[in-house]
Amino acid sequence: MRLITFQGLLLFLICFFGSINVLTQELPKNYKCCKANSPVDIDGHIYDAQWNLVQWSDFFEDIEGNTKPKPYFQTRMKMLWDDNYLYIAAELEETHIWGCLENHDDIIYRDNDFEVFIDPDGDGRNYFEIEINTLGTILDLFMSKPYNKGGGADLGWNADGLKKAVGIYGSNNNASDQDVKWTVEMAIPWDAYNSRDEKVQIPIDGETWRMNFSRVQWETEYCDDRYKKRTDSITGKPLHENNWVWSPQGVINMHVPEKWGSITFVDSQPVKPSAVWTDDNYPRYWVWYGGGKENSTGDWERQFRILNDAGIQGFLLGSDTGLLRKIIPIARQYNIDVHAWFWTMNRADAKPEWLSYNQSGTSLADEKAYVGYYKFMCPALPEVSGFIKGKMDELMDVEGLKGVHMDYIRYVDVILPIGLQPKYDLVQDHIMPEFDYGYHPYMRKLYKNKYGVDPVDLEDPGNNKEWIDFRLNELNTTVAGLRDHVREQNYNITAAVFPTPAMSTEMVRQDWGNWDLDCYFPMVYHNFYNQPISWIQDVMQKNREVIGDRSALFCGLYLHALMNDDDLIKAIKAALEGGSDGVSFFSYGNLDESLIDQVKKFTK
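J.: I'd like a description of the pattern of salt bridges, backed by residues and values.
T.: By the definition in use, this model includes 27 salt bridges. The partner of D58 in a salt bridge is K29, with the nearest N and O atoms 3.5 Å apart. Residue D58 is found in the loop between α2 (49–52) and β2 (61–62), and its partner K29 is found in the loop between α1 (6–24) and β1 (30–35); the two are separated by 29 residues along the sequence. When the shortest N-O distance is used, the salt bridge between R471 and D436 registers 3.0 Å. Taken together, the residues span a long stretch of sequence, with R471 in helix α7 (residues 465–488) and D436 in the loop between β19 (403–407) and α6 (441–451) at a distance of 35 residues. A relative accessible area of 0% places R471 in the buried class. A residue is classified by how much of its surface remains accessible, and D436, at 0% relative accessible area, is buried. Among the charged side chains, a salt-bridge network with shared partners connects R76, E91, E93, K181, D299, E301, R302 and R305.

Structure follows, in structure tokens:
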């Protein structure tokens, strides 16, 4: 038996834990910089159509890496290039924006700032740094070598021809309000680097430069009508600044170029990723969202940033026009399409005389069906169609809206999903007159004029195919009128519908297979029907057989039933394998971090 010496054991432990340390160190980041399809207008607005195609970097981390707490404000950047400039855009979340330094080559990091480090040949020497604060003041310098190797800052170098702009989402140096963020946009000309030492060539396809990005964030407080850095209670000196970076250094020192990340220049232009957008330019992933009036601008910013990061670019918002006008400009920053989630036939603002009657002769104005908020109108009434179009017009008057998404475009449920029947103490194994709706006096009159008999006098009217088809066709006619009205104003028209056309016809008198809409969102809530997740694939295959390639199909998933393990991954996979163009999630309130991570399996 061979004995190990104390020295050998010590050496083993050093090597062992040293290897663990190496394994836990973060690798330098890499970013693919695409070529711009036209010159970028430098105005501080980084959410135009060209920038929206460009991939964001990862969110910045503490300069020492992931062993330190995550930054309490998020920061990220994106890049483009062409034959004249390197373009940089950055987004810096901030609730109180301030800046003091106004002179070129002031020591800008004494304010909160954004910093760019560029080493074209990646040898750790002859590199450049540009800093900018919220006022747009620039510090630019050249380093022949890092400080720890005897180098010094050469402030005589200027990034000649630099274009720069700052966007303020809130106000600068005003503590009376709460801000959202500030943005930076730069265009650095390639020949700006040639004022020192070696000539720098415009990069070619596949070439890599070493770069990094940093954000200095001071702890501040507001007093005497201005922002002041918080100080140590004992020494009176400013508290140490936060350093948040794109590619962590492992040490509190940005001037270690060998630890910077790498930028790979590619000659191809950015395009919308197919994992996130369909060929017809629809978002592949959507979410229904109701409410949100109480959200601040900052709340909406964070929510849209989360959705954008997850690849969820479709937003179906149920709200009034005021909220739509507030959030659409924010959503556009994140390339998110907003559609108005519109309750169509079921409306709380319907006049009582418009409401539907059941086979027993009772109006929804007098007695509820299932729930009190069921206020379904008679689709045959001309005034109902005019009322709905007027409400749609209000929505379509909102600038930036992408479309109208109809919900409750049907009759009252004749048959509830089997999984919901126990909730109402029902067993609906036959058509029950009290739940068979569509018997408004005007509808009955239309039928009698055509067929010579009042439908209530039919033998078993609830199962009479001619009377069922008549009600279906009246709704189809109303849908066609609404569809054409929306399309005439160049908006998309979509609808949330029951799982398949056949099920819809039977359960809610909804013939959506014949509507010719731009997109359908069948609500394939498997748990409502006591079905396994695999049922989703079967349902979507049936829908694709009916719809073909005429319209896009986005499978609606009920998140509350998909909270365990990787159930959401299974459900999305089932929908896509069944022929769905994408998925819509009901609803945002259940979309927690775990589910977001599962969505990213399909979008990243």
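The rest of the description comes next.
J.: Please set out the pairing of strand β16 (residues 285–290) residue by residue, giving values where relevant.
T.: On a regular strand, each side chain points to the face opposite its neighbour's, so the side chains alternate between the two faces of the sheet. Burial of β16 is extensive: five of the six residues sit out of reach of the surface. Across three bridges, the pairing between β16 and strand β23 (residues 582–586) is parallel. Bridge pairing in β23 links W286 to S584. Sheet topology note: the β16/strand β17 (residues 314–318) ladder contains five bridges and is parallel. Of the residues in β17, the one forming a bridge with Y289 is L317. Where the polypeptide runs from β16 across helix α3 (residues 297–310) and back to β17, its parallel neighbour, the crossover connection is right-handed.

Conventions and cut-offs
Residues numbered from 1 in each chain as written. Predicted model: local features only at pLDDT ≥ 70, side-chain atom pairs only at ≥ 80, totals over all residues. Heavy atoms only, no water. Salt bridge = Lys/Arg side-chain N within 4 Å of Asp/Glu carboxyl O. Helix = DSSP H or I, 4+ residues; strand = E, 2+ residues; numbered from the N terminus. Buried < 20%, exposed > 50% of the residue type's maximum accessible area, 1.4 Å probe, protein only. Pairing = 2+ DSSP bridges. Right-handed = clockwise from strand over helix to strand, strands pointing away.

Shape is all these values report; function is a separate question.
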